[in-house]
Amino acid sequence: MTDDDFMAQALQEARAALAAGEIPIGAVVVLENKIIGRGHNQTERLRDVTAHAEMLALTAAANHLGNKYLADCTLYVTVEPCVMCAGASAWAQLRAVVYGAEELKTGFRRHGPLLHPRTELRGGVRGPECAALIQSFFRAKRR
């Protein structure tokens, strides 16, 4: 499978968040071409500010492996991670973080290098589709 295929799975998670009335962000963690963790935003449902898609996907992957380190894993997320999620990604020592849409207000890249030094970062995978989903959500909220 390709980055595009895995981002499609993250988009599926984002749509699940949207259907639940959450901010539509989704994430999957991949090891050896297999999804081992999934998550979508659940901050409202769980009443937990840390229940971001990335955090839930990382926890699911760590539980799957029985290990807090995800050094051979790649995180796919529909929107550039926030500082908290980038920090968790650094502690998990991910091999790569791949995101769809840039987050111009709260994305971690505006706050300096927060990922593990050996973590590869790739952005823009299915970027227009990821951006359209979150933009339409916030546009509808403002009405």
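What counts, and at which threshold
- All chains use their own residue numbering, which begins from 1 and follows the written sequence.
- With pLDDT at 70 or above as the cut-off, local features in this predicted model cover only qualifying residues; side-chain atom pairs require 80 or more to be listed or tallied, and sums for whole chains, interfaces and linings still use all residues.
- The side-chain values count all of the structure's non-hydrogen atoms but skip hydrogen atoms and water molecules.
- UniProt positions are given in the numbering used here, feature names are shortened, and annotations may be inferred rather than shown by experiment.
- To qualify as a helix, a DSSP run of H or I must reach at least 4 residues; to qualify as a strand, a run of E must reach at least 2; elements of each kind are numbered from the N terminus.
- Here the expected length of a helix is defined as 1.5 Å per residue gap, with one fewer gap than residues.
- Think of it in three bands: residues with accessible area under 20% of the maximum for their type are buried, residues over 50% are exposed, and the middle band is partly exposed, with areas taken using a 1.4 Å probe on protein chains only.
- Residue contacts follow a heavy-atom distance rule, with two residues in contact if any of their heavy atoms lie within 4.5 Å.

As named in an unreviewed UniProt entry, the chain is tRNA-specific adenosine deaminase, taken from Hymenobacter nivis. Word for word, the UniProt comment on the chain under Sequence similarities (unreviewed entry) is "Belongs to the cytidine and deoxycytidylate deaminase family." In the Catalytic activity (unreviewed entry) part of its UniProt record, the chain is described as follows: "adenosine(34) in tRNA + H2O + H(+) = inosine(34) in tRNA + NH4(+)".

Draft legend 1. The UniProt feature "domain: CMP/dCMP-type deaminase" (unreviewed entry) in the chain, seen in detail. Here, UniProt's "domain: CMP/dCMP-type deaminase" (unreviewed entry) annotation points to residues 1-111. Helix makes up 40% of residues 1-111 and strand 23%. Its end C-alpha atoms lie 32 Å apart.

Draft legend 2. Structural context of helix α3 (residues 53-65). Between the first and last C-alpha of α3 there are 18 Å, a value that for 13 residues agrees with the 18 Å anticipated at 1.5 Å per step. Burial in α3 covers these residues: A53, E54, M55, A57, L58, A61 and A62. Residues of α3 that are buried in the fold lie against β1 (26-31), β2 (34-40), β3 (74-79) and α4 (83-92). Residue G66 follows α3 closely and has a positive phi angle near 70°.

Draft legend 3. Inspection of the UniProt feature "active site" (unreviewed entry) in the chain at higher detail. As recorded in UniProt, the feature "active site" (unreviewed entry) lies at E54. By the secondary structure assignment, E54 is in helix α3. Its relative accessible area of 4% is what places E54 among the buried residues.

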